[in-house]
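Each chain, letter by letter, is given below.
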Amino acid sequence: MFDRLILIEKRYDEISELLMQSEIVTDVKRMTTLLKEQRGLEKTVETFRAFKDAKNQIEELELLSEDKDKEISEMATLELDVLYPKVEELEEALKILLLPKDPNDDKNVIVEIKGAAGGDEGNIFAGDLFRMYAKYAETRHWKIEILNAMEGAMGGFTSLEFMISGDLVYSTMKYESGVHRVQRVPETESQGRIHTSTATVLVMPEAEEVEINISWNDIRFDTFNSSGPGGQSVNTTYSAVRLTHIPTGIAVACQEGKSQHENKDKAFRLLKSRIYDNMIQEQLEKEGEQRRSLVGRGDRSEKIRTYNYPQNRVSDHRINLTIQRLDAVMEGRLDLVLEPLINEFQKRQLAGTNE
């Protein structure tokens, strides 16, 4: 482990030196690539350096703890009692940082939310989930771009597709794929009865050109009028676009752009990510049950979370987590659920590597 850490630290220092060279500063593409690589190594290097500093302090304090001066010896022993557990914590953190990384973790994502069971209430809940993700993205300084939206007749969305771009988006958002269940009294319920409705969330990494090559010869291109809630036409021009990838049968539509050209571009990005995600899922199937059973790698139809409004409770069923902070989560404090989820995933991954 420590040999790997030494190499990582050496590479980090090499990048720091390269970034000061004039030929790199003027090469925007190379500089961006190096900065991204350095940012990916930064936390590991900082943790390794903190670990080495703590180990050096321990060596010095262990000598002082044997000093003939009783006061010096006692002070050194007290400081050692603090440093020993700190070193253990840093070593565990380094093990997690060295775990194999998902090659998609640094990517932007395309998210699809659909109202499922519950009719209008399911669509309204889909809108609530989008608002939650938008607020969470704001706290992470991520950018959201709506690609396609079909509004529900009573509010929310029957279907919504949007891109989230920023640092390490997929590494966090990949845990959101699955069925989200809501329990609450709908506004349309006159008897005050609690209803259960669901919305589905699908998170796909954005596909890059080098990873997937799609020929326009394999795509059927159709145009249609943009439509609003209930399917009524909202304009008279054929600006909305539908792309169908003939070999796979995967189809996407986009009507949010101001022009057919803009919609075509957005639809193509969406189509590439759907095909790429399909490839990932096929690969996961081949990798066996152990890989698929890890947190965030379950069936896309799996019920992953329940949002209970009367009890202000949110439960993540994958790790048996329940917190009475639903109001905060819906206001964008999604980290209250995601942090323990990611920690559990890393523990399981670490246990898997030690078997």
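Fair warning: this is a prediction, and the values are worked out from it, not measured in the lab.

## Description of the packing of helix α3 (residues 28-64) against helix α4 (residues 70-97)
Turning to step 1, where the next piece is worked out: Direction vectors running N to C along α3 and α4 enclose 155°, while the axes themselves pass 8 Å from each other. What the angle tells us is that α3 and α4 run roughly antiparallel. Considering how the two elements wind past one another, α3 and α4 form a crossing that is left-handed.
Turning to step 2, where the next piece is worked out: Of the residues in the contact of α3 with α4, the class split is 17 nonpolar, four polar and five charged.

## Side note on α3
Turning to step 1, where the next piece is worked out: The terminal C-alpha atoms of α3, which comprises 37 residues, lie 52 Å apart, in line with the 54 Å expected from a rise of 1.5 Å per residue.
Turning to step 2, where the next piece is worked out: The largest bend along α3 measures about 40° and falls at E42.
Turning to step 3, where the next piece is worked out: Along α3, the positions that sit buried rather than exposed are L34, Q38, L41, T44, V45, T47, F48, F51, A54, I58 and L61.

## As for the pattern of salt bridges
Turning to step 1, where the next piece is worked out: One pass over the full model with this rule turns up 24 salt bridges.
Turning to step 2, where the next piece is worked out: Note that R11 is salt-bridged to E37, the shortest N-O span being 2.8 Å. A residue pair is termed long-range when its members are at least 10 positions apart, and R11 in helix α1 (residues 2-18) and E37 in helix α3 qualify at 26 residues.
Turning to step 3, where the next piece is worked out: What makes E37 partly exposed here is its relative accessible area of 31%.
Turning to step 4, where the next piece is worked out: The network of salt bridges with common partners includes E145, E262, D265, K266 and R269.

## Looking at a negative patch on the surface
Turning to step 1, where the next piece is worked out: A surface patch of like charges, here negative, comprises E59, E60, E62 and E66.
Turning to step 2, where the next piece is worked out: Relative to the assigned elements, E62 resides in helix α3.
Turning to step 3, where the next piece is worked out: Accessibility expressed as a relative area gives 32% for E62, which makes it partly exposed.

## Notes on the side chain of E121
Turning to step 1, where the next piece is worked out: Topologically, E121 is positioned in helix α5 (residues 120-139).
Turning to step 2, where the next piece is worked out: Among the polar contacts made by the side chain of E121, one reaches the side chain of R184 at a distance of 2.5 Å.
Turning to step 3, where the next piece is worked out: Those residues in contact with E121, other than ones at most four positions away along the chain, are V182, R184, P186 and S197.

## Here we look at the packing of aromatic side chains
By convention here, two paired aromatic rings are described through the distance between centres and the angle between planes.
Turning to step 1, where the next piece is worked out: Overall, the coordinates contain seven aromatic pairs when judged by the stated rule.
Turning to step 2, where the next piece is worked out: When the ring of F130 is compared with that of F162, the centres are 4.9 Å apart and the planes differ by 70°; the resulting orientation is edge-to-face. Residue F130 is found in helix α5, and its partner F162 is found in strand β3 (residues 157-165); the two are separated by 32 residues along the sequence. Comparing F130 with F162 shows no difference in burial state: the two are buried.
Turning to step 3, where the next piece is worked out: Ring geometry for Y136 versus W142: centroids 5.7 Å apart, planes at 90°, classification edge-to-face.
Turning to step 4, where the next piece is worked out: The class of W142 is buried, set by a relative accessible area of 8%.
Turning to step 5, where the next piece is worked out: Each residue in the set F130, F157 and F162 is aromatic and connected to the rest through ring pairs, giving one cluster.

## A short note on the sheet that holds strand β6 (residues 219-224)
Turning to step 1, where the next piece is worked out: Taken together, the three strands give an open sheet; going across it, the order is β6-β7-β8, and neighbouring strands pair in antiparallel fashion. Edge strands, defined here as strands with exactly one partner in the open sheet, are β6 and β8 (250-254). Strand-to-strand twist of the sheet, defined as the mean angle between neighbouring strand axes without regard to direction, takes the value 15°.
Turning to step 2, where the next piece is worked out: As defined by bridge partners, strand β7 (residues 240-245) adjoins β8 across five bridges and the pair is classed as antiparallel. Residue pairing in the sheet places H245 in a bridge with I250 of β8.

Cut-offs and rules
- Residues numbered from 1 in each chain as written.
- Predicted model: local features only at pLDDT ≥ 70, side-chain atom pairs only at ≥ 80, totals over all residues.
- Heavy atoms only, no water.
- Axes fitted to C-alpha atoms, helices over the stretch in contact; angles between N-to-C directions.
- Helix = DSSP H or I, 4+ residues; strand = E, 2+ residues; numbered from the N terminus.
- Parallel < 35°, antiparallel > 145°, perpendicular 65-115°, else oblique.
- Left-handed = near helix turned anticlockwise from the far one by under 90°.
- Nonpolar A, V, L, I, M, F, W, Y, C, P; charged D, E, K, R; others polar.
- Expected span 1.5 Å × (residues − 1).
- Bend = angle between axes of the 7 residues up to and from the residue.
- Buried < 20%, exposed > 50% of the residue type's maximum accessible area, 1.4 Å probe, protein only.
- Salt bridge = Lys/Arg side-chain N within 4 Å of Asp/Glu carboxyl O.
- Patch = residues over 30% accessible without salt bridge, like charges linked within 9 Å, V, L, I, M, F, W, Y side chains within 5 Å.
- Areas by Shrake-Rupley, 256 points an atom, 1.4 Å probe, with all protein chains shown as cover.
- Lys, Arg positive; Asp, Glu negative; His and termini not counted.
- Charge placed at Lys NZ, Arg CZ, Asp CG, Glu CD.
- Polar contact = N/O pair within 3.5 Å; in protein donor to acceptor, adjacent residues only side chain to side chain.
- Contact = heavy atoms within 4.5 Å.
- Phe/Tyr/Trp six-rings, centres within 6.5 Å; stacked < 30°, edge-to-face > 60°.
- Pairing = 2+ DSSP bridges.

By themselves these figures say nothing about function.
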